Amino acid sequence: MPSSLHPRSAKELCNLQYSLRRDILTMAHRSKTGHIGSAFSVIDILINAYFGHLKYDPKHPLAPDRDRLILSKGHACAALYAVLAEAGFFPKQELETYLQDGSRLAGHPHLGSPPGTEASTGSLGHGLSIGTGMALAAKLDERDNKTVVVISDGECDEGAVWEAALTARQWKLSSLTCIIDYNKIQAFGRTEDVVNLEPFADKWRSFGWRVLETDGHDCTALLSALKQSIEPSDQPMAIIAHTIKGKGVSFMENTIDWHYWSPSDEHFKKAMIELSPSPMPQ
Amino acid sequence: MRTTFVRTLARLAEKDPNLILLTGDLGFTVFEDFRARFPNQLLNVGIAEQNMIGVAAGLALSGKRVFVYSIVPFVTFRCLEQIRNDLCHQHLPVCIVGVGGGYSYGHLGATHHALEDLGVMRTMPNMTVVSPGDPWEVEQAVLALGTLNGPGYLRLGKNKEPLLHQPATISEFVLGKSIVMRGGDDVTILATGTMLETALLAAALLESKKIQSTVISVHTLKPIDRQGILAAADNKKLLITIEEHGPFGGLADAISRIIAEEGLPVQFLPITAPESIDVVTGSHSHFRSVAGLTAEKISARILERLKK
């Protein structure tokens, strides 16, 4: 089974930043649920991973040699579903069933549901250990596939993240990349006020990881960081992606409220106008 | 039991290069031979059990069959959410092996004792829970868990437990099927794990008092052998359970549920360790004695109950 890259042009990636945000907004509006700020924070990371970096075949979602991505910050799963549908793992129309009774699209991702979901996540601090196990298996089996784990900043309060960071370095899992969606807002406050992570890059470096900091919404910067993550090394790579919670809709940006609120009809209309296809202000 | 465990696991590892053993920095004098023979199939994950379970899940999601090993409390309670979410919800072939069931680590104190694990593990979705009673049952359980399509929990004692089965007379070991150790018409004793030997000794003491006991090894707590229990309770004066485990969630609870659901007309005497114990250190046998888990104390309780 040949895995294949699914590269999109810069213009296509930019268009996806709008169209997938509209998908997410529609899902949140229709289901009357929150976590839209988190999904808007992480969506550009996922777009660039799935359409510029990872190898996979949506027709064979369990092919052993595929690259794997775990969305450990499972509450942002609307973004993952939008990307997996765009990538062809399941029909885009199914996004309409998000959170409906009996749907495959739950409020946190469940293994294989929808296809392309690599792990059940939702309790923070689990994904990096699972990704470490996947990268370890690839190393033992001499497969060269990549493993990417996307975690949140607040998730780094969990001790298990750092347990995984220690072992991934110990086992020299250079095929493992951890992307931290660093929007600096966690569920009940700003990270600097709740549990300050700074000096954040130094923490990862001191655990023996390669570290890159990047703009988490800029496609060129993200693609460049992802490309550097696969350069020969004996260290895993941490990409600290500086992001804005709620990015793309002015009244959602950088607020705690939109971790929880669901968009009203009026919010929906306003946000849709802002997410109409014109160049994204960087 | 742990020697038998690792020897049996080596047999599986030899046949299956996809089998991986993870340890949470334990196994001194136990795993050296395994490590020498299968250097790529044993990984010391360090003293980090939450990560160990997550890594096991990642390995299993990539086609590996994983055994994870540590002392019971560390490999169950410390990482319980990882067990539930990463192993059970994802239905992965990972076997958790806990050494030191009950008061096995007597001197080391309460942190190292395991009196809640069977209850906690039984509540985990899709989990098979096995508590073997002697080295033969350990061997058979490891072989069976080695082909299980889902998560398992194997509760071991420590070391030098006696062989209680006579292999020549045993036909087969099936997960979820209890084994009759001896027959007797008056009472039935259901025992699990490290209490199987004590149950047989208690039965011998009862026999000297003209009470004939059936003794059954309930090596699998989940799924429980409902048919075997029904047959064992049939026409008996008293049904007794014995386990080196606290009063909640273990064998006594599993059996009392069957009694209630089936409306069995049988008297029931659950013998367990107490919820907590007023001893901070002592040998394994000292803790058992204080907990009332000796053949003498158990047989005395059964006799007393029969007088009522």
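Model, not experiment: these values are computed from the prediction. (Residues numbered from 1 in each chain as written. Chains lettered and ligands numbered in written order. Predicted model: local features only at pLDDT ≥ 70, side-chain atom pairs only at ≥ 80, totals over all residues. Heavy atoms only, no water.)

Chemist: Summarise the interface of chain A and chain B; cite the residues concerned and give the values.
Modeler: Between chain A and chain B, the contact holds 23 residues from the first and 24 residues from the second. When the two sides are added together, the surface that chain A and chain B hide from each other amounts to roughly 1800 Å², 58% of it contributed by carbon and sulfur. Looking at the side of chain A facing chain B, the largest losses of area belong to His 126, Glu 163 and Trp 171 of chain A, adding up to 28% of the total buried there. Here chain A and chain B share 1 salt bridge between them. (Contact = heavy atoms within 4.5 Å. Buried area = accessible area lost by both parts, 1.4 Å probe. Salt bridge = Lys/Arg side-chain N within 4 Å of Asp/Glu carboxyl O.)

Chemist: Could you give an account of the nonpolar core, with specific residues and numbers?
Modeler: Among the nonpolar cores identified, the biggest contains 76 residues, and Trp 204 of chain A together with Leu 22 and Val 68 of chain B are the most heavily contacted of them. Considering each element in turn, this core owes the most residues, 8 residues, to helix H3 (residues 49–61) of chain B. When we break this core down by domain, the ones giving at least three residues each are domain 1 (2–155) and domain 2 (176–307) of chain B. Contact partners of Trp 204 of chain A, with chain neighbours within four places excluded, come to Leu 128, Ile 151, Cys 156, Val 161, Trp 162, Ala 165, Cys 178, Ile 180, Trp 209, Val 211, Ala 238 and Ile 240 of chain A. Membership of the second largest hydrophobic core comes to 62 residues, among which are Val 30, Val 97, Val 99 and Ile 242 of chain B. (Core = buried A, V, L, I, M, F, W, Y, C linked by side-chain atoms within 4.5 Å. Buried < 20%, exposed > 50% of the residue type's maximum accessible area, 1.4 Å probe, protein only. Helix = DSSP H or I, 4+ residues; strand = E, 2+ residues; numbered from the N terminus. Domains from an automatic or database assignment.)

Chemist: Can you explain the packing of helix H1 (residues 10–31) of chain A against helix H10 (residues 265–274) of chain A? Please cite residues and give values.
Modeler: Residue and element names in this part refer to chain A. Contact geometry of H1 with H10 gives a least axis separation of 10 Å together with a crossing angle of 175 degrees. Considered as vectors, H1 and H10 are oriented roughly antiparallel to each other. Of the residues in H10, those touching H1 at Tyr 18, Arg 22, Leu 25, Thr 26 and His 29 are Asp 265, Phe 268, Ala 271, Met 272 and Glu 274. Across the contact of H1 with H10, the residue classes tally to 5 nonpolar, 2 polar and 3 charged. (Axes fitted to C-alpha atoms, helices over the stretch in contact; angles between N-to-C directions. Parallel < 35°, antiparallel > 145°, perpendicular 65-115°, else oblique. Nonpolar A, V, L, I, M, F, W, Y, C, P; charged D, E, K, R; others polar.)

Chemist: Pulling in residues and values, what's your account of the packing of helix H4 (residues 127–140) of chain A against helix H5 (residues 159–170) of chain A?
Modeler: Residue and element names in this part refer to chain A. At a minimum axis separation of 8 Å, H4 and H5 run at an interaxial angle of 20 degrees. In terms of axis orientation, H4 runs roughly parallel to H5. The handedness of the crossing between H4 and H5 is left-handed. Between H4 and H5, the contacting residues are Leu 128, Ser 129 and Thr 132 on the first element and Ala 160, Val 161, Ala 164, Ala 165, Thr 167 and Ala 168 on the second. (Left-handed = near helix turned anticlockwise from the far one by under 90°.)

Chemist: I'd like a rundown of the domain arrangement of chain B, residues and numbers included.
Modeler: Residues and elements named next belong to chain B. We note that the domain assignment places domain 1 (2–155) and domain 2 (176–307) within chain B. Centre-to-centre separation of domain 1 and domain 2, based on C-alpha positions: 26 Å. Of the roughly 2100 Å² buried between domain 1 and domain 2 on both sides combined, carbon and sulfur atoms contribute 54%. Applying the counting criterion to the domain 1 and domain 2 interface returns 0 salt bridges. Here domain 1 is connected to domain 2 by 19 residue pairs in polar contact (both at pLDDT 80 or more). (Polar contact = N/O pair within 3.5 Å; in protein donor to acceptor, adjacent residues only side chain to side chain.)

Chemist: Any chance you could break down the environment of Gly 157 of chain B for me, citing the residues and the numbers?
Modeler: Relative to the elements of secondary structure, Gly 157 of chain B occurs in the loop between strand S6 (152–155) and strand S7 (179–182). In this structure Gly 157 of chain B touches Met 1, Val 99, Gly 100, Gly 101, Ser 104 and Thr 194 of chain B, once residues within four positions along its chain are discounted.

Chemist: Break down the side chain of Thr 167 of chain A for me, with residues and values.
Modeler: Mapping Thr 167 of chain A onto the fold places it in helix H5. Among all residues touching Thr 167 of chain A, those that are not within four sequence positions of it are Thr 132 of chain A together with Val 45 and Asn 51 of chain B.

Chemist: So what's going on with the side chain of Thr 8 of chain B? Which residues, and what values?
Modeler: Structurally, the position occupied by Thr 8 of chain B is in helix H1 (residues 2–15). When neighbours within four sequence positions are excluded, Thr 8 of chain B is seen to be in contact with Glu 139, Val 142 and Leu 143 of chain B.

Chemist: Describe in detail the sheet that holds strand S9 (residues 237–242) of chain A, supporting the description with residues and values.
Modeler: All names here are of chain A. The 5 strands lie next to each other as S3-S4-S5-S9-S8, forming an open sheet whose pairing is parallel. Whereas interior strands pair on both sides, the edge strands pair on one side only; in this sheet they are strand S3 (68–71) and strand S8 (210–215). Geometrically, the sheet is characterised by an average inter-axis angle of 20 degrees between neighbouring strands, direction not taken into account. By the bridge criterion, 4 bridges tie S3 to strand S4 (residues 147–152) in an arrangement that is parallel. (Pairing = 2+ DSSP bridges.)

Chemist: Mind laying out unusual backbone geometry, listing which residues take part and the relevant values?
Modeler: With an omega dihedral of 0 degrees, the bond running from Ser 113 of chain A to Pro 114 of chain A counts as a cis peptide bond. Along the chain, the position of Pro 114 of chain A falls in the loop between helix H3 (77–87) and H4. Looking along the chain, the bond that leaves Lys 222 of chain B and enters Pro 223 of chain B is cis, with omega of 0 degrees. Structurally, Pro 223 of chain B is set in the loop between strand S10 (220–222) and helix H9 (226–233). Phi at Glu 142 of chain A is positive, roughly 55 degrees, even though this residue is not glycine. As for its placement among the helices and strands, Glu 142 of chain A is situated in the loop between H4 and S4. Phi angles above zero are rare outside glycine, and Lys 210 of chain B is one such case at about 70 degrees. On the basis of relative accessibility, which here comes to 69%, the residue Lys 210 of chain B falls in the exposed class.

Chemist: I'd like a rundown of helix H7 (residues 135–145) of chain B, residues and numbers included.
Modeler: The element H7 of chain B is largely enclosed, with a buried count of 9 among its 11 residues. Regarding H7 of chain B, the residues found buried are Pro 135, Trp 136, Glu 137, Val 138, Gln 140, Ala 141, Val 142, Ala 144 and Leu 145 of chain B.

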